[in-house]
Amino acid sequence: MIAGQALVQTTRHFFPEFNPWLGRLPDTRDPDARIYTTGFLAWWGIALYLLQLGSRRQLDFELRDGGAPVLANFNRLAETEQTTLPVHDTLDHFLEHVALTGWERLRTQMVQRLLRMKALDAARLHGRPVLLIDATGWICFHRRHCPDCLVQRHGKQTLYMHQVLEAKLLGPAGVVVSLGSEFIDNADAGDRRGKSAEQIKQDCELKALARLLPRIKKAYPQLRFVLALDSLYGCGPVFALAQQFGWSFVVTFKQGRTPALWREFQALLPECPENVVKREWKGGCVQEFRWVRQLDYKDSAGRSWKLNALECTETTTATGERQYFAWLTPLPVGVKTVAEIAQKGGRYRWKVENEGFNRQKNSGLNLEHVYSIDPEKAKAYYLLLQIAFILVQLVERGSLLRRLAEACGRPVWKLFGSLKNVARRLLESVRFVNWPEAWFDADVAGQLRIALDST
Ligand SMILES: [Zn+2]
């Protein structure tokens, strides 16, 4: 019951304009032949991921043939008056007729609203929003599926795959909000003769990044992002793009990527013994930060850069186990800033991998499932997943769900056990509970206090 209420009120609270946005999606279906409105079908598609159904067919099994309240609940959600429920092919047909830019615009509208509400501000670094950048394999086949497949050979096996580069905005409480997606395909690899797999990967991701960043700048011209980047992106062209847009960056510093710079860093460290901060954590972990300011770096195009280098040695007291990390950044590094830069700009980058890709792959969100064999439609499903996952996280990590659970006399973790169960309870709720009109009151939802917290 409370999962349904949390979903409805969270959506109404954060996105009071959500249904009008859906209504304005560029839908090229023949208006005279439309049985279902754009908003209703958009919600139907989002539900595929919100309820973590895992495949399109499950929409038919779990929802269409589900309980009697399903139609009424979706009509209230979408503010429509449909008289029947669609089959999953209807959704597929609809996605064929909505331009990808429509879904991208919807996501931008959501992110801009979260920014205006300052809902993600607690995770800022020196007052600047942090963008975590990473790429992942997305759909993969054993036979060529389209002319644009990236081809990878693993021993005797040849894989045909598609990749995507994601920019995710860091929020508090482990929330990562998808803000930009750039699909990587064959054209990005260029001439692959004489190139190692690592070089091809590098070419692909750098080209995709060079397309993605200008699109983000256009959608968010005012924001002064800090990019959190893997060592792969630690190169002149990326630094130049960031500088051109007025952004900063924190990039993983690896010996192999820029050997001369690494040697200089190691040589200068002993000469700045005063540049050290130690932190002890309750769980028995000690972090030691050291840094060197204003290292000179000349890139392959002859541009000169001044970069600050910082390192963090993390020791687990009980086991003596040590981990070492290092980063490069133009941000001012000092006693007061070093730990925050290392944490938000550096250590949190794994969140894209963990909270983003792993969660999306190893759950009912089923990121690697081929929702459509058509490459363009598959991209639409990918974007729908990202949009739904924003809602999923706001429900799961928002204080409303916790408050509703407490009102039932139980802490939220006892009520749900694990996050996976939130989706299952939501499915039960939408199928068997007639969602009361009061939940949908936009004024009531607007006045709720919903914070993102990690408890
Ligand atoms: Zn393909």
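Everything that follows concerns the structure shown earlier in this document.
Here is a short report on the structure shown in this document. Note that the structure is predicted; figures quoted are calculated from it, not measured. (Residues numbered from 1 in each chain as written. Predicted model: local features only at pLDDT ≥ 70, side-chain atom pairs only at ≥ 80, totals over all residues. Heavy atoms only, no water.)

What follows is about the overall build of the protein chain. Per the secondary structure count, the protein chain includes 18 helices and 10 strands. Here the C-alpha radius of gyration of the protein chain, 24 Å, is about what a compact globule of 455 residues would show, namely 23 Å. With respect to the three principal axes, the spread of C-alpha positions in the protein chain is 75 × 55 × 45 Å. When each of the 455 residues of the protein chain is scored for burial, the buried share is 56%. The contacts of the protein chain with a sequence gap of at least 6 include a subset with a gap of at least 24, amounting to 68%. Here the protein chain has roughly 20400 Å² of accessible surface; of this, 51% comes from carbon and sulfur atoms. Averaging the coordinates of the 61 positive side-chain charges in the protein chain and doing the same for the 48 negative ones gives two points 3 Å apart. (Helix = DSSP H or I, 4+ residues; strand = E, 2+ residues; numbered from the N terminus. Rg over C-alpha atoms; globule rule 2.2 N^0.38 Å. Buried < 20%, exposed > 50% of the residue type's maximum accessible area, 1.4 Å probe, protein only. Contact = heavy atoms within 4.5 Å. Areas by Shrake-Rupley, 256 points an atom, 1.4 Å probe, with all protein chains shown as cover. Lys, Arg positive; Asp, Glu negative; His and termini not counted. Charge placed at Lys NZ, Arg CZ, Asp CG, Glu CD.)

Across the interface, helix 7 (residues 100-116) lies against helix 14 (residues 375-397) with an axial gap of 9 Å and an inter-helix angle of 15°. Considering their axes alone, helix 7 and helix 14 lie roughly parallel with respect to each other. The crossing of helix 7 and helix 14 is left-handed. Contact residues: helix 7 offers L100, W103, E104, L106, R107, M110 and L114, while helix 14 offers E376, K379, A380, L383, L384, Q386, I387, I390, L391 and L394. Tallied by class, residues from the contact of helix 7 with helix 14 come to 12 nonpolar, one polar and four charged. (Axes fitted to C-alpha atoms, helices over the stretch in contact; angles between N-to-C directions. Parallel < 35°, antiparallel > 145°, perpendicular 65-115°, else oblique. Left-handed = near helix turned anticlockwise from the far one by under 90°. Nonpolar A, V, L, I, M, F, W, Y, C, P; charged D, E, K, R; others polar.)

Looking now at the pattern of salt bridges. A side chain of one charge can pair with a side chain of the opposite charge if their charged atoms are brought near each other. Taken as a whole and judged by the stated rule, the model has 25 salt bridges. For R29, the salt bridge identified is with D27, shortest N-O distance 2.8 Å. Note on accessibility: R29 and D27 belong to one class, buried. Taking the shortest distance from any N to any O, the salt bridge between R215 and E182 comes out at 2.9 Å. In this pair, R215 is assigned in helix 9 (residues 197-219) and E182 in strand 4 (residues 176-184), connecting sequence segments 33 residues apart. For R215, a relative accessible area of 35% corresponds to the partly exposed category. (Salt bridge = Lys/Arg side-chain N within 4 Å of Asp/Glu carboxyl O.)

What follows covers helix 14. Look at helix 14: 33 Å from first C-alpha to last across 23 residues, which is about the 33 Å you get at 1.5 Å a residue. Taking burial as the measure, the 23 residues of helix 14 include 21 buried ones, the bulk of the element. Capping the start of helix 14 is the job of one residue whose side-chain oxygen sits 3.0 Å from the backbone nitrogen of E376: D374. (Expected span 1.5 Å × (residues − 1). Polar contact = N/O pair within 3.5 Å; in protein donor to acceptor, adjacent residues only side chain to side chain.)

Angles between donor atoms at a metal ideally measure 109.5 degrees for a four-coordinate tetrahedral arrangement and either 90 or 180 degrees for a six-coordinate octahedral one. Distances from the zinc ion to its protein donors, H145 (ND1), C146 (SG), C149 (SG) and H162 (NE2), fall at 2.1 to 2.3 Å. If you look at the zinc ion, its four donor atoms make angles of 99 to 124° with each other, and the shape they trace is tetrahedral. Here the donor residues for the zinc ion map to a single chain with the spacing H-C-x2-C-x12-H. One end of the pair, C146, is in the loop between strand 1 (130-141) and strand 2 (150-154); the other, H162, is in strand 3 (residues 157-170), with 16 residues separating them in the sequence. (Donors = N, O, S within 2.8 Å, 3.2 Å for Na, K, Ca; no water. Tetrahedral: all angles 85-135°; square planar, octahedral: opposite > 155°, others 65-115°.)

By the element assignment, H88 lies in helix 6 (residues 88-96). Within the structure, the side chain of H88 is placed 2.8 Å from the side chain of D60, a separation counted as a polar contact. Within the structure, the side chain of H88 is placed 3.5 Å from the side chain of D89, a separation counted as a polar contact. Apart from residues no more than four positions distant in its own chain, H88 is found in contact with R56, R57, L59 and D60.

All right, on to the environment of V338 then. Along the chain, V338 falls in helix 12 (residues 338-346). The class of V338 is buried, set by a relative accessible area of 0%. Note: C-alpha distance between V338 and W291 (47 residues apart in sequence) is 8.1 Å. When near neighbours in sequence (up to four residues on either side) are disregarded, V338 contacts V277, F289, W291, L310 and V333.

For strand 1, the tally of buried residues reaches 10 of 12 residues, placing the bulk of the element in the interior. Across three bridges, strand 1 lies against strand 5 (residues 226-229) in parallel orientation. Of the residues in strand 5, the one forming a bridge with V130 is V226. (Pairing = 2+ DSSP bridges.)

A separate point is the packing of aromatic side chains. Applying the stated criterion across every chain yields a total of 27 aromatic pairs. Taken together, a centroid distance of 6.0 Å and an interplanar angle of 10° make the contact between F325 and W327 stacked. Put simply, the rings of F14, F15, F18, W21 and W43 touch in pairs and so form one group of aromatic residues. (Phe/Tyr/Trp six-rings, centres within 6.5 Å; stacked < 30°, edge-to-face > 60°.)

Moving on: the side chain of Q360. Of note, Q360 is situated in helix 13 (residues 350-361). Residue Q360 is classed as buried on the basis of its relative accessible area of 0%. Beyond its immediate sequence surroundings of up to four residues, Q360 is in contact with K168, L365, N366, L367, L385, Q386 and F389.

Once that is clear, we can look at the nonpolar core. Of all hydrophobic cores here, the largest spans 139 residues; its most connected members are L63 and W103. V130, V226, V250 and V338 belong to the second-largest nonpolar core, a separate cluster that totals 22 residues. (Core = buried A, V, L, I, M, F, W, Y, C linked by side-chain atoms within 4.5 Å.)

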